[in-house]
Amino acid sequence: MIRLENVSKEFPGGSNAVLDLSLDIPTGQTCVLIGPSGCGKTTTLRMINRLIDPDRGQILVDGEDTSKVDPAHLRLRMGYVIQQTGLFPHMTIGENVATVPRLWQWDKPRIKARVEELLLLVGLDPAVYRDRYPHQLSGGQRQRVGFARALGADPPILLMDEPFGAVDRITRERLQHEFINIQRSMRKTVVFVTHDIDEAVMVGDRICLMQMQAKVAQYDTPEKILTRPASDYVAEFLGRERLVRRMSVVTIDPAALEHPAAGAARGEPRVQLTSSLTEAFAAALTSPTERVAVFDGENYVGTFTATSLLESLRRAGTDGGEQVATGI
């Protein structure tokens, strides 16, 4: 676990980038820091690996005070991914990925095997890309290499500062999905900075929405932030598209399904009960009846309709009444 206890950072001129921040980031989860520009999210990230030292407070990693750890040694235990990748232009892709294992003085066969393993993990054929240089790759490919390098020595913690912000939308969405799949298998403790609420909802296990000076406006799961915003500030930050975002994290509520006597209609699209409302609604739009058969494994449990969509949203935010269903 990463724990920040009453952490503050003041910059020249007397302004506080971070003021009295306390935050627990559970082991094996992705915590997304999001908020307006200048709110202190990147400063918070950089204090975790001591690129910036806090003026007050403590940062603990698995109970160890990071101020008592040599900064260089601390950073070797944490992967770090930034928006512009930070690849060394004079090094090949393989040499870039091998940076941290070399610093740990791994032997050459082990380094070579790790480089190949990581390039395959991020979808780059080692035989094709290992000996190329960064300028010979596309932006998305360079970002993949940056991610692979951060995983070089298999660190338990990853710090990611707007890692997909410098690529186009299609590439960004592909990288987001690849990150999610990799994280599901590896379960690193990830601190992920973004300014994009849709990205936060997609990749985060928990979202920390900040106001200026890193004041925590709400720290919760994506579903709870979208269905139960803690304040007007949170609701305003989420924007008028909150309904669409909520649909991507709320799953079908069995109690909202209809139960026609004839059961599932022939030729109706099918979805699993664990599907999100976005997935179910998209399937309904392709159906000639605008209805979808919902299954739990092989068992038919009901039919999803537009009414089911609204009722699932209402039930997901029972303290919001009609406002929850309409996204107000």
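Basis of the calculations
- Residues numbered from 1 in each chain as written.
- Predicted model: local features only at pLDDT ≥ 70, side-chain atom pairs only at ≥ 80, totals over all residues.
- Heavy atoms only, no water.
- Pairing = 2+ DSSP bridges.
- Helix = DSSP H or I, 4+ residues; strand = E, 2+ residues; numbered from the N terminus.
- Axes fitted to C-alpha atoms, helices over the stretch in contact; angles between N-to-C directions.
- Contact = heavy atoms within 4.5 Å.
- Core = buried A, V, L, I, M, F, W, Y, C linked by side-chain atoms within 4.5 Å.
- Buried < 20%, exposed > 50% of the residue type's maximum accessible area, 1.4 Å probe, protein only.
- 1 Å grid on protein atoms, 1.4 Å probe; cavity = no way out; pocket = protein on both sides within 12 Å on 5 of 7 lines; lining within 4 Å.
- Points joined across faces, edges and corners; volume = space filled by probe spheres on them.
- Nonpolar A, V, L, I, M, F, W, Y, C, P; charged D, E, K, R; others polar.
- pLDDT = per-residue confidence, 0-100.

1. Thoughts on the sheet that holds strand β6 (residues 78-82)
- Taken in spatial order, the six strands make up an open sheet running β6-β7-β8-β3-β9-β10, and their pairing is mixed. Two strands close off the open sheet at either side, each with one partner strand: β6 and β10 (215-220). Across the sheet, the mean angle separating the axes of adjacent strands is 15 degrees when strand polarity is ignored.
- Against the sheet, helix α8 (residues 169-186) touches β3 (30-34), β7 (157-161) and β8 (189-193), its axis set at about 160 degrees to β8.

2. Quick word on the nonpolar core
- Core analysis: the biggest nonpolar cluster contains 61 residues, and F147, M160, F179, I252 and F304 have the highest contact counts within it.
- Look past the residues within four positions of I252 in its chain and what remains in contact with it is L257, V271, Q272, L273, S275, L277, A280, V294, F304 and S312.
- A17, L23, I157 and L159 belong to the second largest nonpolar core, which has 28 residues in total.

3. Points about the layout of surface pockets
- Empty space within the largest pocket amounts to approximately 920 Å³.
- The wall of the largest pocket is formed by 30 residues, among which I180, V201, M202, V203 and S248 lie closest to the centre.
- Mapped onto the lining of the largest pocket, the elements with two or more residues apiece are α8, α9 (197-203), α10 (222-227), α12 (242-249) and α13 (277-285).
- It is α8 that provides the largest number of residues to the lining of the largest pocket, a total of nine residues.
- A per-class count over the lining of the largest pocket returns seven nonpolar, 10 polar and 13 charged.

4. Topic: the pairing of β10
- Where strand β9 (residues 206-211) lies against β10, five bridges are found, and the strand directions are antiparallel. Looking across to β10, one finds that I207 is bridged to D220.
- Between β9 and β10, which pair antiparallel and follow one another directly, the connecting turn spans three residues, one of which, Q213, has a positive phi of 65 degrees.

5. Quick look at the confidence of the model for the protein
- With 95% of its residues at a pLDDT of 70 or more, the protein shows a mean pLDDT of 88.
- Within the model, pLDDT remains below 50 along residues 318-328, and this stretch shows 19 contacts once partners closer than five positions in the same chain are excluded.

6. Structural notes on the side chain of S276
- When you line up the elements, S276 lands in the loop between β11 (270-272) and α13.
- We classify S276 as buried; its relative accessible area is 10%.
- The residues touching S276, leaving out its near neighbours within four places in the chain, are M247, S248, V250 and T251.

7. As for unusual backbone geometry
- Notably, D62 is not glycine yet its phi reads approximately 50 degrees, a positive angle.
- Tracing the backbone through its elements, the reader meets D62 in the loop between β4 (56-61) and β5 (64-65).
- By relative accessible area, which is 61% here, D62 ends up exposed.
- Residue D154 is not a glycine yet carries a positive backbone phi of 55 degrees.
- Here D154 shows up in the loop between α7 (139-150) and β7.
- We classify D154 as partly exposed; its relative accessible area is 43%.

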